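Remarks on the overall topology
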Amino acid sequence: MVALERPPVSDPLLRVSRLITHQRGPFDLSIDAGECVSLRGPSGSGKSLLLRAIADLDPHQGEVWLDGVACAQIPAPQWRRQVALLPVESQWWLDEVSAHLSGKDCPWLIPLGFGEAALGWQVSRLSSGEKQRLALARALMNRPRVLLLDEPSASLDEVSAAALEAVVSDYRHDTGAAVLWVSHSAAQAARVATRHYQLTPQGVQEGEP
Amino acid sequence: MITLSVFDLSLAALLVLILAALSWHMRLGLERSLLIATLRMVVQLSLIGLVLKTIFATSGLLWVSLMAVVMLLAAGREVMARQQRRLKGWWGYGLGTGAMFISSFAVTVLALFTMIGNQPWYEPQYAIPLLGMMLGNTMSGIALALDRLTQTAWQQRAIIEQRLMLGQTRTEAIDEIRREAMRSGMMHIINAMAAAGIVSLPGMMTGQILAGAPPMEAVKYQILIMFLIAAGTGFGVTAALWLASRRLFDERHRLRLEVLSAPRA
């Protein structure tokens, strides 16, 4: 008898298992390498809290695995460089944009609609939309393997939002990063993601965009 | 040294009474708190005079230590009371007290053993005023620095968390806030040293000169005290800030501001 060879089962790049944070959950979800998954739910349902817990910013129960390695096994700063959270409102603490972008050149400025001059801009004069796009560029400088995007185009016009979606998509294809995209718009979720999660009081459920 | 009689003091007290009467006449509303504070000052200082008299008479290590511990605990309470947002639980009290213990006590004992070097080293006439000056100054420094640290961390919590999100360690994320707090804790003694002798004659030196000490001897003591206070404040503030900023995070480098109590109304 010939043993049937099982197809190799690859682990998802990001796996969240029985995650409980701030009395919400348990949440289970998984995202493959190179995949973009949307996450939607009414405001106040805990989408941001879930992202914070995945980035290990809040105490939580349950475990998160990156490529089969548990979060608890990696020093927290190293985890957050690989599992990057882009919050709704980004914070800037130094005077110039460039001071926040560690490293020499940032390849995402032009695709995001900025010239090289943007590096010398004063943070205090940035619009909320500029901050949102520059925050993505800043987060990508760490070359994260997972992107947790919390309404990344909330304050962007259509042109800028399209540019941002394209940059995320290119980054995902180039590096095989996994993306979890929180969006309020069903149209955007359908456009950027191939699978769709809904956050309910019972946990995370897969479904329509 | 010229001793003061009760009559001398009463004459000076009359000035305060006149001021209180003026306040009442002008409806400033200060007379009540002025008189209470005056009364407290007289009672407290008289009591401490009696205590010191007793301790000087016995000169025992036990009594000196007891006095030192009481002073330390009182200073610790004062540090805690000056915090808008203090660490909850025992940390709120223990942190400032512990930092003052390792700085003020260590520096005072070092000075008594090596620089002043009298027999016995704990002779209360030297030990208690010296410790008092050390505690008084490190207390303000530590209180200011801790207050600045916790207040700024609270106000800038979004920035601290953003820095953590980008992969900075807890030390990197609070580094600038800690340096700012260190500066505000040290500013007092740095200013005092810079202004000493020009703008102000330091209290201890004035006292020694009034008591009949040669001015240069008084100056040397004052310089010694300034060195000790600067070092003690610096070490105390450093220790307090290091411990407190550690306490604001957990072992997974998460900002845990729930360790701070809500500000008092």
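Keep in mind that this is a model prediction, so the values were computed, not measured. Per chain, residue numbering runs from 1 following the sequence as it is written. Each chain is given a letter, starting from A, and each ligand a number, starting from 1, according to the order in which they appear as written. Where local features are concerned, this predicted model is filtered to residues with pLDDT of at least 70; where side-chain atom pairs are given and counted, the filter is 80 or more; whole-chain, interface and lining totals use all residues. Only hydrogens and water are removed before side-chain values are computed, so all heavy atoms of the structure are retained for them.

Here we come to the sheet that holds strand 3 (residues 36-40) of chain A. Two orientations exist for strands paired in a sheet by backbone hydrogen bonds: parallel and antiparallel. Residues and elements named next belong to chain A. Note: two strands are recorded as paired if DSSP finds a minimum of 2 bridges between them. Secondary structure elements are defined from DSSP: runs of H or I of at least 4 residues count as helices, runs of E of at least 2 residues count as strands, and each element is numbered from the N terminus. Sheet architecture is open: 6 strands sit in the order 6-7-8-3-9-10, paired in mixed fashion. Because the sheet does not close on itself, it has two edges, and the strands there are strand 6 (83-86) and strand 10 (203-206). Taken over all neighbouring pairs, the strand axes of this sheet differ in orientation by 20° on average, direction set aside. Both strand 7 (residues 146-150) and strand 8 (residues 178-182) contribute to a ladder of 5 bridges, which runs parallel. Within the sheet, the bridge partner assigned to Asp150 lies in strand 8 and is Val182. In this fold helix 1 (residues 47-54) packs onto strand 3, strand 6, strand 7, strand 8, strand 9 (195-200) and strand 10, with an angle of close to 155° to the strand it touches most, strand 7. As a rule, the C-alpha atoms of each element are fitted with a line to give its axis, helices using only the stretch in contact, and angles between N-to-C directions run from 0 to 180 degrees. Pairs of residues are marked as contacts when any of their non-hydrogen atoms sit within 4.5 Å.

Once that is clear, we can look at the packing of helix 7 (residues 170-195) of chain B against helix 9 (residues 215-247) of chain B. The angle between the axes and the distance between the axes are what describe a pair of packed helices. Residue and element names in this part refer to chain B. For the pair helix 7 and helix 9, the least separation of the axes is 10 Å and the interaxial angle reads 160°. Taken together, the axes of helix 7 and helix 9 lie roughly antiparallel to each other. Along this stretch, helix 7 crosses helix 9, giving a crossing that reads as right-handed. Here Arg170, Thr171, Ile174, Arg178, Ala181, Met182, Gly185, Met186, Ile189, Ala192 and Met193 of helix 7 come into contact with helix 9, specifically with Met226, Ile229, Ala230, Thr233, Gly234, Val237, Thr238, Leu241, Trp242, Ser245 and Arg246. Under the scheme applied here, ten amino acids are nonpolar (Ala, Val, Leu, Ile, Met, Phe, Trp, Tyr, Cys and Pro), four are charged (Asp, Glu, Lys and Arg), and all others, including Gly, are polar. In terms of residue class, the contact of helix 7 with helix 9 is made up of 13 nonpolar, 6 polar and 3 charged. Convention used here: angles under 35 degrees read as roughly parallel, angles over 145 as roughly antiparallel, angles from 65 to 115 as roughly perpendicular, and any remaining angle as oblique. In this scheme the handedness of a crossing depends on how the near helix is turned from the far one: anticlockwise by less than a right angle means left-handed, clockwise means right-handed.

With that settled, consider the packing of helix 5 (residues 124-155) of chain B against helix 7 of chain B. Residues and elements named next belong to chain B. Axis separation between helix 5 and helix 7 bottoms out at 8 Å; the angle between their running directions is 150°. By the criterion of interaxial angle, the relationship of helix 5 to helix 7 is roughly antiparallel. As helix 5 runs across helix 7, the sense of the crossing is right-handed. Along its contact with helix 5, which presents Asn137, Gly141, Leu144, Ala145, Arg148, Leu149, Thr152 and Ala153, the element helix 7 presents Ile174, Ile177, Arg178, Glu180, Ala181, Ser184, Gly185 and His188. Of the residues belonging to the contact of helix 5 with helix 7, the class tally is 7 nonpolar, 6 polar and 3 charged.

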